[in-house]
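Listed below, chain by chain, are the residues.
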Amino acid sequence: MNLLIYKTLEELNQDLADYVIKIAEMSIEENDRFNFVLTGGSSPKALYHFLATEGQHRIDWEKVYFFFGDERNVPANDDNYNGLMARKTILDPLGIKEDHIFYVNTTLAPEKAAIEYKKAIDKHFNGEDIVFDLILLGMGDDAHTASIFPHTTLVKDEEVNVAAVYVEKLDTYRISFTAPLINKADNVAFLVFGENKAEALKHVIGDTEKNVDLYPSQLIDPIDGKLTWFTDDKAVALLDS
Ligand code: 6PG
């Protein structure tokens, strides 16, 4: 696990954009495509804007396929829909073609949406092992990642899958990659910054005794891939040096 700590968000996003571009270049070189899983939430917006502007001419975006590690159970035109945030910040600005974007179909019931999303992923990987080139993750101040929230069924889900999960604290359903699916990736990068994440990060990275039901981000431990944390001074403030 690689822990990178930045003084400013400008430096963090610059480095994270370079990291994404580098993995994209290698993946396109090797497989003629880059399978990239986006995270939702607010943290990645600046990165996506960075990639769509400074990164616009650095790789062949026509060879990039975009997925979502989780989605809210809301209509696609809802401001809370991760796909809409991504469309506004990176997908439309880069002119990404619709057949290169895998949105979660939230017109379906959550369980059905999860099944259909997994089918679309299986089809994209042509029935082969689902190994994404890069999965970008955020982390909530309650140590959830994707939609693997504390005390939910997803914490215990050992399937390599996409699943629907009822999140009691939000009183809503989510559709999310399971931890085993995330852990198959070649590269996983957490984007975690700000004082409000420090308490959770102290436990997720600092605790020797794991408690995944309380701190689900502890589940993220790629089998063969590399895990990198992009953080700032504030988020790591409670970690022992
Ligand atoms: C989502 C995300 C979720 C997010 C964290 C952090 O759908 O909300 O996938 O896991 O990454 O909640 O969100 P912020 O970046 O807004 O702090």
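Refer to the preceding data block for the structure.
Residues numbered from 1 in each chain as written. Predicted model: local features only at pLDDT ≥ 70, side-chain atom pairs only at ≥ 80, totals over all residues. Heavy atoms only, no water.

(A) Structural context of the pattern of salt bridges. As enumerated under the stated definition, the model contains 15 salt bridges in all. Between Lys-7 and Asp-233 there is a salt bridge, with the nearest N and O atoms lying 3.3 Å from each other. Within this pair, whereas Lys-7 is found in the loop between β1 (2-6) and α1 (9-31), its partner Asp-233 is found in the segment after β9 (226-232), the two being separated by 226 residues in sequence. By relative accessible area, Lys-7 is classed as exposed at 65%. With a closest N to O distance of 3.7 Å, Lys-156 and Asp-213 form a salt bridge. Remark: Asp-213 occurs in the loop between α7 (198-206) and β9 and Lys-156 occurs in helix α5 (residues 153-156); sequence separation between them is 57 residues. Judged by its relative accessible area of 58%, Lys-156 is exposed. Residue Asp-213 is classed as partly exposed on the basis of its relative accessible area of 26%. The structure contains a network of salt bridges with shared partners spanning Arg-87, Asp-92 and Glu-98. (Salt bridge = Lys/Arg side-chain N within 4 Å of Asp/Glu carboxyl O. Helix = DSSP H or I, 4+ residues; strand = E, 2+ residues; numbered from the N terminus. Buried < 20%, exposed > 50% of the residue type's maximum accessible area, 1.4 Å probe, protein only.)

(B) Here's a closer look at a nonpolar patch on the surface. A cluster of nonpolar side chains, Met-1, Leu-3 and Ile-5, forms an exposed patch at the surface whose accessible area comes to about 280 Å². Considering the arrangement of structural elements, one finds Ile-5 in strand β1. Judged by its relative accessible area of 43%, Ile-5 is partly exposed. (Patch = residues over 30% accessible without salt bridge, like charges linked within 9 Å, V, L, I, M, F, W, Y side chains within 5 Å. Areas by Shrake-Rupley, 256 points an atom, 1.4 Å probe, with all protein chains shown as cover.)

(C) Expanded view of the site of the ligand. Neighbouring the ligand are 16 residues, the closest being Ser-42, Ser-43, Asp-70, Arg-72 and Ala-146. Ser-42 is positioned with one of its side-chain polar atoms (N or O) 2.7 Å from an oxygen atom of the ligand. His-144 is positioned such that a nitrogen or oxygen atom in its side chain is 2.8 Å from an oxygen atom of the ligand. Burial of the ligand by the surrounding chains reaches 88%, relative to a free accessible area of 410 Å². Here the shell around the ligand is built from residues that sort into two nonpolar, 10 polar and four charged. (Near = heavy atom within 4 Å. Polar contact = N/O pair within 3.5 Å; in protein donor to acceptor, adjacent residues only side chain to side chain. Nonpolar A, V, L, I, M, F, W, Y, C, P; charged D, E, K, R; others polar.)

(D) The arrangement of the pairing of strand β7 (residues 172-177) in detail. For strand β4 (residues 70-72) and β7, the ladder comprises three bridges, and the chain directions are antiparallel. The residue bridging Glu-71 from the neighbouring strand is Ile-175, located in β7. Summarising the sheet, strand β6 (residues 162-167) and β7 pair through six bridges and their orientation is antiparallel. Bridge pairing in β7 places Ala-164 opposite Ile-175. In this structure, the hairpin formed by β6 and β7 is closed by a connection of four residues, where Asp-171 is found at a positive phi of approximately 50 degrees. (Pairing = 2+ DSSP bridges.)

(E) Inspection of the sheet that holds β6 at higher detail. Taken in spatial order, the three strands line up as β4-β7-β6 in an open sheet, and their pairing is antiparallel. Every interior strand has two partners, whereas the edge strands, β4 and β6, have only one. Shown here is a sheet whose adjacent strand axes are inclined to one another by a mean of 25 degrees, direction ignored. On top of the sheet, helix α4 (residues 110-124) reaches β6 and β7; it is set at about 155 degrees to β6, its chief contact. (Axes fitted to C-alpha atoms, helices over the stretch in contact; angles between N-to-C directions. Contact = heavy atoms within 4.5 Å.)

(F) Structural view of the sheet that holds strand β2 (residues 34-38). Overall, parallel pairing links the six strands, which are arranged β1-β9-β8-β5-β2-β3 in an open sheet. Unpaired on one side and paired on the other, β1 and β3 (64-68) mark the two borders of the sheet. Strand-to-strand twist in this sheet, taken as the mean axis angle between neighbours without regard to direction, amounts to 20 degrees. The strands that α1 touches are β1, β2, β5 (134-137), β8 (187-192) and β9; relative to β9, the one it contacts most, it runs at about 160 degrees. On top of the sheet, helix α3 (residues 82-91) reaches β2 and β3; it is set at about 150 degrees to β3, its chief contact.

(G) Seen up close, the packing of α1 against helix α2 (residues 45-53). At a closest axis distance of 9 Å, the pairing of α1 and α2 adopts a crossing angle of 55 degrees. By the angle between their directions, the pair α1 and α2 is classed as oblique. At the point where α1 passes α2, the crossing takes the right-handed sense. Across the interface between the two elements, Glu-10, Asn-13, Gln-14, Leu-16, Ala-17, Val-20 and Ile-21 from α1 touch Ala-46, Leu-47, Phe-50 and Leu-51 from α2. Grouping the amino acids of the contact of α1 with α2 by side-chain chemistry returns eight nonpolar, two polar and one charged. (Parallel < 35°, antiparallel > 145°, perpendicular 65-115°, else oblique. Left-handed = near helix turned anticlockwise from the far one by under 90°.)

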